[in-house]
Amino acid sequence: MNGTEVAIRGGDSLADILERVLDKGIVIAGDVTINVLDVELLTLKVRLLIASVDTAKELGIDWWSRDRFLVGES
Amino acid sequence: MTLYLYAIADAQDATGIDLPAGIDGTPVQTVVAEDLAAVTGPVDPARFQAAQDKPDLNEHGWLAHALRAHDRVVRRVFAQIPLVPLRFGALIAGPDGLAELLGAQRDRLRAALDVARDTAEWRVRVIPHQRSEVDTAAPEPPDGTAWMMTRLRAARTREVEHERWLRLASQVHGALSAHAVQTYGRLPATRDVYLVRRRDESAFTAAAFSLAGLLAGTPMKLEISGPTPPYHFVGGGRRS
């Protein structure tokens, strides 16, 4: 295909899981919840993990990863 | 007993489904309250407390295990019935608390189930996967002026590639949106998530493959992952 690639993945790399499970999904709130887990804080910390070189490669990020404008996050 | 909440489903769907082991290998069960079913299981809250106090970000640490277990349970159930996935970390103070929660948030959970019913999310990335020729094969410039001109040409090439990347991403987004109920992402549309009806998944993936022609000869690749539970859409999506 002359340099074109269409890759289908199962979406189960650790980076994919982190992005879905830590950052998305419905949040319950109320008195019945034991609020022992600061998910927002964990999300921030785990984003550092996502930004690590190995995980970035897994995501297909390479030289353009240093360009803040190019690396949009969904 | 502290319960961990993985997902919410419709009670009438939740009988006889296969449930894998949960976090720390604990059993997972469905607990029904009126017309909702919670996919839940007992957990040790001390492990979560430790994860909050000192997050272990090692890929083989407890947190990674727990995240994978959460995802594994949700995906296994999702493969069988529609569900609303919960964000990681929902701990409930026992069965009474769970019943109270399902009653108090019933309308909100039902609305989320309506979004999740018979849909899945697909993630699509338009990714540059080659360096430009200027970056990879530039000869050593003979002097300062030539060096500057080389740098300017390289910058211009990158700018052109960048514009082409965004243009292609926009075209991909336009073509795939036609097969989706909602999309989630931010502009530029290089990393979007699409909520797709299960019956439209074949058309969606076929459309993605047909876009190969659009990207032919460009240093771009299209990466698709899915189907996965509709995590991005049950809490209110953006840019639909």
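Computed from a predicted model, the values in this text were never measured in an experiment. (Residues numbered from 1 in each chain as written. Chains lettered and ligands numbered in written order. Predicted model: local features only at pLDDT ≥ 70, side-chain atom pairs only at ≥ 80, totals over all residues. Heavy atoms only, no water.)

Engineer: Would you explain the packing of aromatic side chains in this entry?
Structural biologist: Residues and elements named next belong to chain B. In the structure shown here, the tally under the stated rule is 8 aromatic pairs over all chains. On the basis of an interplanar angle of 55 degrees and a centroid distance of 6.0 Å, the ring pair of Y4 and F88 is categorised as tilted. Here the residue Y4 occupies a position in strand β1 (residues 3-10), and F88 occupies one in the loop between β4 (84-85) and β5 (91-92), the gap between them amounting to 84 residues. On the basis of relative accessibility, which here comes to 0%, the residue Y4 falls in the buried class. Measuring from centroid to centroid gives 5.4 Å for Y194 and F204, while their planes differ by 55 degrees, and the two rings are tilted. Placement of Y194 in strand β8 (residues 191-197) and of F204 in helix α7 (residues 201-210) is noted, with a sequence separation of 10 residues between them. (Phe/Tyr/Trp six-rings, centres within 6.5 Å; stacked < 30°, edge-to-face > 60°. Helix = DSSP H or I, 4+ residues; strand = E, 2+ residues; numbered from the N terminus. Buried < 20%, exposed > 50% of the residue type's maximum accessible area, 1.4 Å probe, protein only.)

Engineer: Help me out: how do you make sense of the pairing of β8 of chain B in this one?
Structural biologist: Look at any regular strand and the pattern is simple: side chains alternate between the two faces of the sheet. Residue and element names in this part refer to chain B. With 6 of its 7 residues buried, β8 lies for the most part within the structure. As judged from the 7 bridges shared by strand β6 (residues 119-128) and β8, these two strands associate in the antiparallel manner. Looking at β8, one finds that V124 is bridged to D192. The pairing of strand β7 (residues 182-184) with β8 spans 3 bridges and is classified as antiparallel. Following the sheet pairing, Y184 is matched in β8 by V193. (Pairing = 2+ DSSP bridges.)

Engineer: Which parts of the structure should I look at to understand empty space enclosed by the protein?
Structural biologist: One way to see where empty space is left: roll a probe the size of a water molecule over the atoms. The full count for this structure, using the stated rule, is 4 cavities of 30 Å³ or more. By volume, the second largest cavity amounts to about 80 Å³. Taken together, 11 residues line the second largest cavity, and the ones lying closest to its centre are R20 of chain A together with E121, R123, S225 and T228 of chain B. Broken down by secondary-structure element, the contributors of at least two residues to the lining of the second largest cavity are α1 (14-23) of chain A together with β6 and β9 (220-228) of chain B. Looking at the lining of the second largest cavity residue by residue, the classes come out as 2 nonpolar, 4 polar and 5 charged. (1 Å grid on protein atoms, 1.4 Å probe; cavity = no way out; pocket = protein on both sides within 12 Å on 5 of 7 lines; lining within 4 Å. Points joined across faces, edges and corners; volume = space filled by probe spheres on them. Nonpolar A, V, L, I, M, F, W, Y, C, P; charged D, E, K, R; others polar.)

Engineer: I keep staring at the nonpolar core and nothing clicks. Help me out?
Structural biologist: Core analysis: the biggest nonpolar cluster contains 54 residues, and Y6, I23, F88 and L176 of chain B have the highest contact counts within it. If one sorts the elements of this core by residue count, helix α2 (residues 62-78) of chain B sits on top with 10 residues. (Core = buried A, V, L, I, M, F, W, Y, C linked by side-chain atoms within 4.5 Å.)

Engineer: Help me out: how do you make sense of the packing of α1 of chain A against α2 of chain B in this one?
Structural biologist: Each packed pair of helices is defined by two parameters, the angle between the axes and the distance between the axes. Here α1 of chain A crosses α2 of chain B at 75 degrees, and the two axes come no closer than 10 Å. Classified by the angle their axes make, α1 of chain A and α2 of chain B are roughly perpendicular. Listed contacts from α2 of chain B to L14, I17, L18, R20, V21 and L22 of chain A of α1 of chain A are A64, L67, R68, H70, D71 and R75 of chain B. Its residues placed into classes, the contact of α1 of chain A with α2 of chain B shows 7 nonpolar, 1 polar and 4 charged. (Axes fitted to C-alpha atoms, helices over the stretch in contact; angles between N-to-C directions. Parallel < 35°, antiparallel > 145°, perpendicular 65-115°, else oblique. Contact = heavy atoms within 4.5 Å.)

Engineer: Teacher, can you tell me more about α7 of chain B here?
Structural biologist: One turn of an α-helix holds 3.6 residues; hence residues three or four places apart share an orientation. Residues and elements named next belong to chain B. Looking only at α7, the buried set comprises E201, F204, T205, A207 and A208. Along the long axis of α7, the arc covered by the buried residues comes to 155 degrees, so they all point the same way. The exposed residues of α7 that point more than 90 degrees off its buried face are S202 and S210. (Arc of directions from axis to C-beta.)

Engineer: Can you help me understand helix α4 (residues 106-116) of chain B in this one?
Structural biologist: Residue and element names in this part refer to chain B. For α4, the complete set of buried residues consists of L109, R110, A112, L113 and A116. All buried residues of α4 project into a common sector of 160 degrees when viewed along the axis, lining one side. Looking at α4, the residues exposed on the side facing more than 90 degrees away from the buried face are D107 and D114. Looking at the packing, one finds that the buried side of α4 touches β1, β3 (36-42), β4, α3 (94-104) and β6. Positioned one or two residues after α4, D118 has a phi angle of 60 degrees, which is positive.

Engineer: Please clarify how the pattern of salt bridges should be interpreted in this entry.
Structural biologist: Between side chains of opposite charge, a pair can form when the charged atoms approach closely. Residues and elements named next belong to chain B. Per the counting criterion, the structure on display carries 13 salt bridges over all chains. Linking D24 and R47 is a salt bridge whose minimum nitrogen-to-oxygen distance equals 3.7 Å. Pair noted here: D24 is in the loop between β1 and β2 (29-33) and R47 is in helix α1 (residues 45-53), with a separation of 23 residues, a long-range link. For E159, the salt bridge goes to R156, with nearest N and O atoms at 3.0 Å. One end of the pair, E159, and the other, R156, are both in helix α6 (residues 144-177), 3 residues apart, so they sit about a helical turn from each other. Here E159 falls in the partly exposed class, since its relative accessible area comes to 39%. Several salt bridges converge on common partners, so that one network encompasses D10, D13, D35, R106, D107, R110 and R117. (Salt bridge = Lys/Arg side-chain N within 4 Å of Asp/Glu carboxyl O.)

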